[in-house]
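# Secondary and tertiary structure notes
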Amino acid sequence: GAKTQPLWLHPFLQDPGETTLRPWLTTRMPTFYFDQSEATTIARYFSALDEVEFPFISTAVATNNERLAVGDRLFTLLQCARCHPTDDGPLPPGVTAADLAPNLMISSERLRPQWVLDWIFDPQGIAPGTRMPTYFDQGQSPLPEVLGGDVEAQIEAVRDHVFVTLGDGGGTRDDD
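Attention in this report is confined to the structure presented alongside it. (Residues numbered from 1 in each chain as written. Predicted model: local features only at pLDDT ≥ 70, side-chain atom pairs only at ≥ 80, totals over all residues. Heavy atoms only, no water.)

## Describing the layout of surface pockets
- Approximately 710 Å³ is the volume found for the largest pocket.
- Forming the walls of the largest pocket are 32 residues, and the residues nearest its centre are His84, Ala101, Pro102, Trp119 and Met132.
- When residues of the lining of the largest pocket are traced back to their parent elements, those giving at least two are helix H4 (107–110), helix H5 (113–121) and helix H7 (151–166).
- The element contributing the most residues to the lining of the largest pocket is H5, with four residues.
- When its residues are assigned to classes, the lining of the largest pocket shows 21 nonpolar, five polar and six charged. (1 Å grid on protein atoms, 1.4 Å probe; cavity = no way out; pocket = protein on both sides within 12 Å on 5 of 7 lines; lining within 4 Å. Points joined across faces, edges and corners; volume = space filled by probe spheres on them. Helix = DSSP H or I, 4+ residues; strand = E, 2+ residues; numbered from the N terminus. Nonpolar A, V, L, I, M, F, W, Y, C, P; charged D, E, K, R; others polar.)

Here it is, written out as structure tokens:
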């Protein structure tokens, strides 16, 4: 509910084989052949459970070219692409398919913007045991020289980069 966008989840529930989130896994979500009404009920249930908007939500992020550049820099410094593919190209050196996390190219279509902020801030709080590193432990930035160490601004910059630059999520730029 809080993680996925209802308009992405609905067709995924109807045909999970249509979207490959982790191509390196051999196990897939089974197809239950939900009809429109059943898929809507399930998607609505997930949203209600997490007390988030349904079905139409805003996924636009207000950003600017400076924040996108900072997000790109942080994405590189934190080595996000080491685990998260951002294209269909070859794997980075020393990385096997089993090391990979979901491809970020579809994040702007699949994930809610607020959930991405929450996830980057505290992945262990959302999914204990996940391999996603906690970069902002106890609200501290590992890169105090970027944006004056402002954790919230850094996380928003990374999210904006993922949604707008990588995912073409249609964010609005203040300086366009």
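## Points about the packing of helix H3 (residues 65–77) against H7
- Closest axis-to-axis distance for the H3/H7 pair is 7 Å, and the angle between their directions is 100°. Classified by the angle their axes make, H3 and H7 are roughly perpendicular. On H7, the residues touching Arg67, Leu68, Val70, Gly71, Asp72, Leu74 and Phe75 of H3 are Gln154, Glu156, Ala157, Val158, Asp160, His161, Val162, Val164, Thr165 and Leu166. (Axes fitted to C-alpha atoms, helices over the stretch in contact; angles between N-to-C directions. Parallel < 35°, antiparallel > 145°, perpendicular 65-115°, else oblique. Contact = heavy atoms within 4.5 Å.)

## Examining H7
- Taking 1.5 Å per residue, 16 residues should reach 22 Å; H7 reaches 21 Å between its end C-alpha atoms and fits that length.
- Across the 16 residues that make up H7, a large majority, twelve, are buried.
- Of the residues flanking the start of H7, the one acting as N-cap is Asp150, its side-chain oxygen 3.1 Å from the backbone nitrogen of Glu152.
- A positive phi of about 50° marks Asp168, the residue just after H7. (Expected span 1.5 Å × (residues − 1). Buried < 20%, exposed > 50% of the residue type's maximum accessible area, 1.4 Å probe, protein only. Polar contact = N/O pair within 3.5 Å; in protein donor to acceptor, adjacent residues only side chain to side chain.)

## As for the packing of aromatic side chains
- Summed over all chains, the structure comprises four aromatic pairs.
- Taking the centre distance of 4.7 Å and the plane angle of 15° together, the rings of Trp8 and Phe12 count as stacked. With Trp8 and Phe12 both in helix H1 (residues 6–14), this residue pair falls four residues apart, about one helical turn. Of the two residues, Trp8 and Phe12, neither departs from the other in class, the shared state being buried. (Phe/Tyr/Trp six-rings, centres within 6.5 Å; stacked < 30°, edge-to-face > 60°.)

## Quick word on the side chain of Asn103
- Position of Asn103 relative to the elements: it lies in the loop between H3 and H4.
- A polar contact is formed between the side chain of Asn103 and the backbone nitrogen of Met105, at a distance of 2.7 Å.
- Not counting the four nearest positions on each side in its chain, Asn103 is found in contact with Leu21, Pro85, Thr86, Asp87 and Asp88.

## Digging into the nonpolar core
- One finds Leu74, Phe75, Val116, Ile120, Ile155, Val162 and Phe163 to be the most contacted residues of the largest nonpolar core, which totals 26 residues.
- Mapped onto this core, the elements with two or more residues apiece are H3, H5 and H7.
- Element by element, the count of residues in this core is highest for H7, at eight residues.
- Residues in contact with Ile155, not counting those within four places in the same chain, are Leu117, Ile120, Phe121 and Phe136.
- Membership of the second largest hydrophobic core comes to seven residues, among which are Trp8, Leu9, Leu13 and Leu21. (Core = buried A, V, L, I, M, F, W, Y, C linked by side-chain atoms within 4.5 Å.)

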